[in-house]
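Architecture and fold: a report
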Amino acid sequence: MELEIPNLDNPIQRKKLVRALQIFRKIRKISRTRADKLFARTQRGVLDSLIITGQPIEKDEEKYLLNLFRKCFPHAHKPTLSINPKLQGGVRMSYGDEMVELTLNSISQQLQKL
């Protein structure tokens, strides 16, 4: 089996090869599973999905939030749960550029507009 080497005289092919080498050097420094996920994101454009809460949550609340997240973003993969103590209670869910904010900050701002 022969290895196919791109034509490096072609600037487009050279740019693609340099990009692939940069990605390889970055993912070489981290774990194998994390590297596979990062490489898949660069190739397919996988969007980040997050659920951010203001305080720690219990298992029942986590299940409820995951179901709510699936209703808001049906095509999203399983979100990452994180805690941001700056939120004044509530939840912020995001998938790529889309976001649903259910925090006291956003509710009070909406009430002030009325």
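For the structure itself, consult the block above.
Below you will find a few notes about this structure. Model, not experiment: these values are computed from the prediction.

1. Quick word on the pairing of strand S2 (residues 80-83)
- In terms of strand pairing, strand S1 (residues 49-53) meets S2 through 4 bridges, oriented parallel. By the bridge assignment, Ile 52 is partnered in S2 with Ser 82.
- The parallel pair S1 and S2 is bridged by helix H3 (residues 59-72), and the resulting crossover is right-handed.

2. Comments concerning the pattern of salt bridges
- Inspection of every chain in the model, using the stated rule, returns 2 salt bridges.
- For the salt bridge of Glu 62 with Lys 59, the shortest nitrogen-to-oxygen distance reads 3.9 Å. Of this pair, Glu 62 and Lys 59 both sit in helix H3, 3 residues apart, which is roughly one turn of that helix.
- In this structure, the salt-bridge partner of Arg 92 is Glu 101, at a minimum N-O distance of 2.8 Å.
- For Arg 92, a relative accessible area of 22% corresponds to the partly exposed category.

3. Some details on the environment of Gln 55
- One can find Gln 55 in the loop between S1 and H3.
- As a C-alpha pair, Gln 55 and Gly 89 span 34 residues in sequence and 6.9 Å in three-dimensional space.
- Gln 55 has contacts with Ile 83 and Gly 89, leaving out every residue within four places of it along the chain.

Rules of the game
Residues numbered from 1 in each chain as written. Predicted model: local features only at pLDDT ≥ 70, side-chain atom pairs only at ≥ 80, totals over all residues. Heavy atoms only, no water. Pairing = 2+ DSSP bridges. Helix = DSSP H or I, 4+ residues; strand = E, 2+ residues; numbered from the N terminus. Right-handed = clockwise from strand over helix to strand, strands pointing away. Salt bridge = Lys/Arg side-chain N within 4 Å of Asp/Glu carboxyl O. Buried < 20%, exposed > 50% of the residue type's maximum accessible area, 1.4 Å probe, protein only. Contact = heavy atoms within 4.5 Å.

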